[in-house]
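Coordinate analysis (summary)
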2 protein chains.
Amino acid sequence: MALDQTQSTFGIAELAREFGITTRAIRFYEDKGLLTPARDGQRRVYGSRDHVRLRLIMRGKRLGFSLDEIREMIDLYDVDPSEVSQLKLFIDKLQLRREQLRIQQEDIAETLAELDRLEAQSQDLLAQRASVRTKAAG
Amino acid sequence: MALDQTQSTFGIAELAREFGITTRAIRFYEDKGLLTPARDGQRRVYGSRDHVRLRLIMRGKRLGFSLDEIREMIDLYDVDPSEVSQLKLFIDKLQLRREQLRIQQEDIAETLAELDRLEAQSQDLLAQRASVRTKAAG
DNA sequence: GCTAACGTTTACGTTAACGTAAAGTTTGCC
DNA sequence: GGCAAACTTTACGTTAACGTAAACGTTAGC
């Protein structure tokens, strides 16, 4: 077995290690309807679908979304496209998310620009200090 | 006074209206050291500096930062550049923030790409449905 | 057969970020 | 001078997202 085909089942501790979270958190996400692992007797067995979902959860958290929001986003991937009216609603939801993300992009761009400015200032100051010390020592 | 020079003092209710939050929240931010309004007797008087800070707070919240993190970020704007060692530490902090924001950018880009994919699929489906109905009706 | 390692459920505790309510003060206005 | 609007402090309540602990089951290795 050299091919290391993407692993297809996981234990809870295994997932916890991989994502750097606790098993408590993973069970909590299940309680909140974000994960739906299979069972082997009592034990939870996570498939590749859960693995993907957990990745989406962590990404959502990094973006500051609540678990409720994250669930809504994740559910977008599983939407049932049978009803046209549902489809249109679905597309509307997509637009809302998109708009929110666009705002975040702007916020990040602004912030990065300000950080750039601050760092430039600081580097200037550092250079000045360095040159002052050099001249004083020379 | 036609020039509407940027307003320089604000009441708490005024700020609350402008930013779409409650006065309670504004006082809470003060408790946490994010705002430091002047006083006119008992009453808080917010200057342009507080106004700027409140904007930064709201931006930080949109990006999912905690108030502690936001305070750290805001304090970067007021850093005292007297000590070189402090300056270097300061630059390190800037780098950390930058890295975090870069990750968020990536996360957003990924998410937007997936939303694009989902929407394209949906629009396809909608178009198919529409053409089916058109043919059935024709 | 015992002990780790891994897993389970149940339940109470904790922190952040406010909401909500009570009770009082100050100010402009009629 | 009385009332409403805006403000104050104090304090208890609430929600999200887990942490922590207790008490128990099961499986592999020595």
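Rules and cut-offs
- One numbering rule holds for all chains: residues counted from 1, following each sequence as written.
- The naming scheme follows written order: chains are lettered A onward, ligands numbered 1 onward.
- Side-chain atom pairs in this predicted model are given and counted only at pLDDT of 80 or more, local residue features only at pLDDT of at least 70, and totals for whole chains, interfaces and linings cover all residues.
- Side-chain measures were taken over the full set of non-hydrogen atoms in the model, leaving aside hydrogen atoms and water.
- Here, a salt bridge means any Lys or Arg side-chain nitrogen found within 4 Å of an Asp or Glu carboxyl oxygen.
- Partly exposed describes any residue whose relative accessible area lies between the buried limit of under 20% and the exposed limit of over 50%, with all areas from a 1.4 Å probe on protein chains only and scaled to the type maximum.
- Definition of nearness: a residue and a molecule or strand are near each other if at least one heavy atom of the residue lies within 4 Å of the molecule or strand.
- For the purposes of these results, a polar contact is taken to be a pair of N or O atoms within 3.5 Å, where, inside protein, one atom must be able to donate a hydrogen and its partner to accept one; residues adjacent in sequence count only when each atom of the pair is a side-chain atom.
- In this text, helices come from DSSP runs of H or I with a minimum length of four residues, and strands from runs of E with a minimum of two, each type numbered from the N-terminal end.
- Note on residue classes: Ala, Val, Leu, Ile, Met, Phe, Trp, Tyr, Cys and Pro are nonpolar, Asp, Glu, Lys and Arg are charged, and everything else, Gly too, is polar.
- Residue ranges assigned to each domain were obtained from an automatic or database domain assignment.
- Two strands are counted as paired when DSSP detects at least two bridges linking them.
- Contact between two residues is taken to exist if any of their heavy atoms lie within 4.5 Å; hydrogens are not considered.
- We define buried area as the total accessible area lost by two parts upon association, computed with a 1.4 Å probe and summed across both.
- Least squares is the method used to superpose the copies, on C-alpha atoms of residues holding a pLDDT of at least 70 in both.
- Between 30 and 60 degrees the pair is tilted, below 30 it is stacked and above 60 it is edge-to-face, where a pair is any two Phe, Tyr or Trp rings, Trp via its six-membered ring, whose centres lie within 6.5 Å.
- Criterion for a charge above a ring: Lys NZ or Arg CZ within 6 Å of the ring centre, and within 35 degrees of the ring normal.

1. Side note on the pattern of salt bridges
Residue and element names in this part refer to chain A.
- All chains considered together, the criterion is met by 28 salt bridges over all chains.
- Residue Glu-30 is joined to Arg-39 by a salt bridge in which the shortest nitrogen-to-oxygen separation is 3.3 Å.
- The class of Glu-30 is buried, set by a relative accessible area of 17%.
- Three or more residues joined by partner-sharing salt bridges are found here, namely Arg-49, Arg-53, Asp-75 and Asp-78.

2. As for the protein's contact with DNA strand D
- Close contacts around DNA strand D come from 17 residues, with Thr22(A), Lys61(A), Leu67(A), Ala13(B) and Arg27(B) the closest.
- Near the protein, within 4 Å, the atoms of DNA strand D are sugar or phosphate in 65% of cases.
- Arg27(B) places a side-chain nitrogen or oxygen 2.6 Å from a phosphate oxygen of DNA strand D.
- The side chain of Arg39(B) places a nitrogen or oxygen atom 3.2 Å from a phosphate oxygen of DNA strand D.
- Contributing elements (two or more residues each) for the surface near DNA strand D: α2 (23-31) of chain A together with α1 (12-19), α2 (23-31) and β3 (43-47) of chain B.
- Considering each element in turn, the surface near DNA strand D owes the most residues, 4 residues, to α2(A).
- For the surface near DNA strand D, the class distribution of residues is 6 nonpolar, 3 polar and 8 charged.

3. Comments concerning the domain arrangement of chain A
- Assigned domains within chain A: domain 1 (7-67) and domain 2 (79-138).
- The straight-line distance from the C-alpha centre of domain 1 of chain A to that of domain 2 of chain A is 29 Å.

4. Some points on the sheet that holds β3(B)
All names here are of chain B.
- Strand order in this open sheet of 3 strands is β1-β3-β2, and the pairing throughout is antiparallel. Single-partner strands in this sheet number two, and they are β1 (9-10) and β2 (38-40).
- Here β1 runs beside β3; their pairing, made up of 2 bridges, is antiparallel. By the bridge assignment, Thr-9 is partnered in β3 with Gly-47.

5. Things to note about the interface of chain A and chain B
- If you look at the interface, chain A gives 41 residues, while chain B gives 41 residues.
- Carbon and sulfur atoms make up 64% of the surface buried where chain A meets chain B, a total of about 3,900 Å² over both sides.
- For the pair chain A and chain B, the interface holds 10 salt bridges.
- As a salt-bridge pair, Glu110(B) and Arg59(A) come within 3.0 Å of each other at their nearest N and O atoms.
- Among the secondary structure elements, those contributing two or more residues to the side of chain A that touches chain B are α3 (48-62) and α5 (84-137) of chain A.
- Counting residues per element, the side of chain A that touches chain B draws most heavily on α5(A), at 30 residues.
- Across the side of chain A that touches chain B, the residue classes tally to 19 nonpolar, 8 polar and 14 charged.

6. A closer look at the relation of the copies chain A and chain B
- Taken as rigid bodies, chain A and chain B are interconverted by a rotation of 180° and an axial shift of 0.0 Å, the fit giving an RMSD of 0.0 Å. Expressed as a symmetry operation, the mapping of one chain copy onto the other fits a two-fold axis. Relative to the rotation axis, the C-alpha of Gly64(A) is the closest in chain A, positioned 1.9 Å from it.
- A share of 100% of interface residues in chain A that are also interface residues in chain B marks the association as one of identical surfaces.

7. Here's the deal with the environment of Gly47(B)
Residues and elements named next belong to chain B.
- Within the secondary structure layout, Gly-47 lies in strand β3.
- Each C-alpha atom of the pair Gly-47 and Gly-11 lies 9.2 Å from the other, and the pair is 36 residues apart in sequence.
- Those residues within four positions of Gly-47 in sequence are excluded, and the remaining contacts are Ser-8 and Phe-10.

8. Comments concerning the environment of Ala38(B)
Residue and element names in this part refer to chain B.
- Structurally, Ala-38 can be placed in strand β2.
- In the structure, Ala-38 is positioned 12 residues away from Asp-50 in sequence and 9.6 Å away in space, judged by C-alpha atoms.
- If sequence neighbours within four positions are ignored, Ala-38 has contacts with Arg-43, Arg-44 and Val-45.

9. Considering the packing of aromatic side chains
Residues and elements named next belong to chain A.
- Going through the model one piece at a time under the given rule, you end up with 2 aromatic pairs over all chains.
- Look at Phe-28 and Tyr-29: their rings are 6.5 Å apart centre to centre, the planes differ by 65°, and that puts the pair in the edge-to-face class.
- One residue, Arg-97, lies across the ring of Phe-65, its end atom 5.6 Å from the ring centre.

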